[in-house]
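# What the coordinates show
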Amino acid sequence: LLKLCLHWFHSVPPSGRQIPSSNAPSPWRRLAGIGKNEAMNGSCDMNNPPPLPPPGNIIGSGIFVSPKGVMENASSVGLALIVWIVTGIITAIGALCYAELGVTIPKSGGDYSYVKDIFGGLAGFLRLWIAVLVIYPTNQAVIALTFSNYVLQPLFPTCFPPESGLRLLAAICLLLLTWVNCSSVRWATRVQDVFTAGKLLALALIIIMGIVQICKGEYYWLEPAHAFEPFQEYDVGLIALAFLQGSFAYGGWNFLNYVTEELVDPYVNLPRAIFISIPLVTFVYVFANIAYVTAMSPQELLASNAVAVTFGEKLLGVMSWIMPISVALSTFGGVNGSLFTSSRLFFAGAREGHLPSLLAMIHVKRCTPIPALLFTCLSTLLMLCTSDMYTLINYVGFINYLFYGVTVAGQIVLRIKEPNLHRPIRISLAWPVIYLLFWAFLLIFSLYSEPVVCGLGMAIMLTGVPVYFLGVYWDNKPECFNTFVAKMTYLGQKFCVVVYPGETKGSEETGSGEEGEELKEARAPLSQDDGEAEKSAADC
């Protein structure tokens, strides 16, 4: 603490330096993993292993929370299974469209980068605005609440856990993982690796036990005569909400588009990841839901807030404790993974001038995006004001699909505007048309069924319009405003001890003049002792 105070006004340079241009090599390669240098001396010269595979990123808390929402809105077991299959097919079509865009516009940032380049700055900003304020915080809130449900449900076997307890445990989970991600990239990746085993164990148990049940003749609700027997009247609006609930479980299918600049040979690996991951995930989800209904009636499934726990209690007997522990491990890792990947979008936005530059900065020694993580943590805590996961899922699902459709429409617009643009992957236009027809059905009937929830999401998105014109489009701002922003950025840098990430080691070494001096100042150690200890290390 004394060292930090002594070097408070010397360790971090003033803000105002330019964010690296969008066509430069991605500095976030350094956040993909840790190399030997970091392990020995704490520097940030990192190796570049491939990003997490899509199946590991898609399969998360959704399959443990969405089955109830899908069943409730689909109104029958048979239609619920059809919803899961169709959602997987639509997800695969959307992923193919994104694959073409990903190699045509090879920028990290995913649909934000595509919408911005095709439709202009305002559309891109609105995508970023809604992602920062709604999508990431809501996703993380749902996963954290799922974690809380599965931890507390065994302690309340005859009733639902108290809402205040659910929110408190979710907040503790979120704060702990934010601290882990702020402290070390290595710790964050290890947490992800270790806790991935939880979801694999839980899903393997569910599917195996389901197969055993079918072999024993327990498939009453899978027989056509009973599968399509509705327990409530079918409604088109509710079916649209069932698709929104199912799509939440498939969330993460576009993750690789957020790290396109970090992919090795994206022309080959991006479509390969789609062709392997989406069918695999669809298979797992459909068979997990088949397993659920071999042990539970639709009424029993709808009466449970922790479906996998109820399933385990029915079939595993004294070993039923395995299920809540496995799901809790899975969802804990899911919160960690969401926090870990959100910084890519923050960097892409700040690089284009659409977000405060502070959100693109990383710690001078740990190379962790502390400002972005703190902002995400605070906005997620605000989402925990409600513990109704299914309302949150409808809320975030509607907004997600809105921009998925805009992005896929951008693919058609780009084909018309620039037909001769080099496209290493080129798919038939029939696929985006099919996706957009489904997209229109989903949005219209979701808005009809949940006008308040979906309308609130659209209202929050539209609040970004004046923010864009005041904060981004308006160039000639008063000097006092620019000075205030610069001082706030500088204060944030001092508080978090963060600077802009360096582009490459080579570019840093060859820097000259004023730019070279700024880079040297940015890499100044917090103390003379630290500087001597790290004299031979690679710097951020």
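Attention in this report is confined to the structure presented alongside it. (Residues numbered from 1 in each chain as written. Predicted model: local features only at pLDDT ≥ 70, side-chain atom pairs only at ≥ 80, totals over all residues. Heavy atoms only, no water.)

### Examining the nonpolar core
Counting 142 residues, the largest nonpolar core has F64, I206, Y292, F311 and Y401 as its most contacted members. Top element by residues in this core is helix α7 (residues 121-152). It accounts for 16 residues. What F64 contacts, discounting residues up to four positions off in sequence, is Y150, K199, A202, L203, I206, Y292, V307, A308, V327 and S330. (Core = buried A, V, L, I, M, F, W, Y, C linked by side-chain atoms within 4.5 Å. Buried < 20%, exposed > 50% of the residue type's maximum accessible area, 1.4 Å probe, protein only. Helix = DSSP H or I, 4+ residues; strand = E, 2+ residues; numbered from the N terminus. Contact = heavy atoms within 4.5 Å.)

### Comments concerning helix α11 (residues 236-249)
With 14 residues, α11 ought to run about 20 Å at 1.5 Å a step, and its terminal C-alpha atoms sit 21 Å apart, in line with that. The buried fraction of α11 amounts to 12 of the 14 residues, a majority that puts the element mostly inside the structure. For α11, the capping residue at the N-terminal end is D235, with a side-chain oxygen 3.0 Å from the backbone nitrogen of G237. (Expected span 1.5 Å × (residues − 1). Polar contact = N/O pair within 3.5 Å; in protein donor to acceptor, adjacent residues only side chain to side chain.)

### Points about the packing of aromatic side chains
According to the stated counting rule, one finds 25 aromatic pairs in the structure shown. A centroid spacing of 6.4 Å and a plane angle of 85 degrees characterise the contact between F243 and F441, whose relative ring orientation is edge-to-face. Taken together, the positions of F243 in helix α11 and F441 in helix α18 (residues 430-449) put the pair 198 residues apart, joining distant regions of the chain. You can call F243 buried: its relative accessible area is 8%. Every member of this aromatic cluster is reached through a ring pair, and the members are Y98, Y114, F243, W253, Y401, Y404, Y435, F438, F441 and F445. (Phe/Tyr/Trp six-rings, centres within 6.5 Å; stacked < 30°, edge-to-face > 60°.)

### Focus on the environment of N400
Its place among the elements puts N400 in helix α17 (residues 389-417). Along the backbone, N400 and I135 are 265 residues apart, and their C-alpha atoms lie at a distance of 7.2 Å. Apart from the residues lying within four places of it in its own chain, the contact partners of N400 are R127, I135 and N139.

### Describing the packing of α11 against α18
Two elements in contact, α11 and α18, have axes whose closest approach is 8 Å; the angle formed by their N-to-C orientations is 115 degrees. Regarding the angle of α11 to α18, the classification is roughly perpendicular. In this structure, α11 crosses over α18, and the sense of that crossing is left-handed. Each of V236, G237, L238, A240, L241, F243 and L244 in α11 lies in contact with α18, whose residues at this interface are F438, F441, L442, F445, S446 and S449. Classifying every residue of the contact of α11 with α18 gives 10 nonpolar, three polar and no charged. (Axes fitted to C-alpha atoms, helices over the stretch in contact; angles between N-to-C directions. Parallel < 35°, antiparallel > 145°, perpendicular 65-115°, else oblique. Left-handed = near helix turned anticlockwise from the far one by under 90°. Nonpolar A, V, L, I, M, F, W, Y, C, P; charged D, E, K, R; others polar.)

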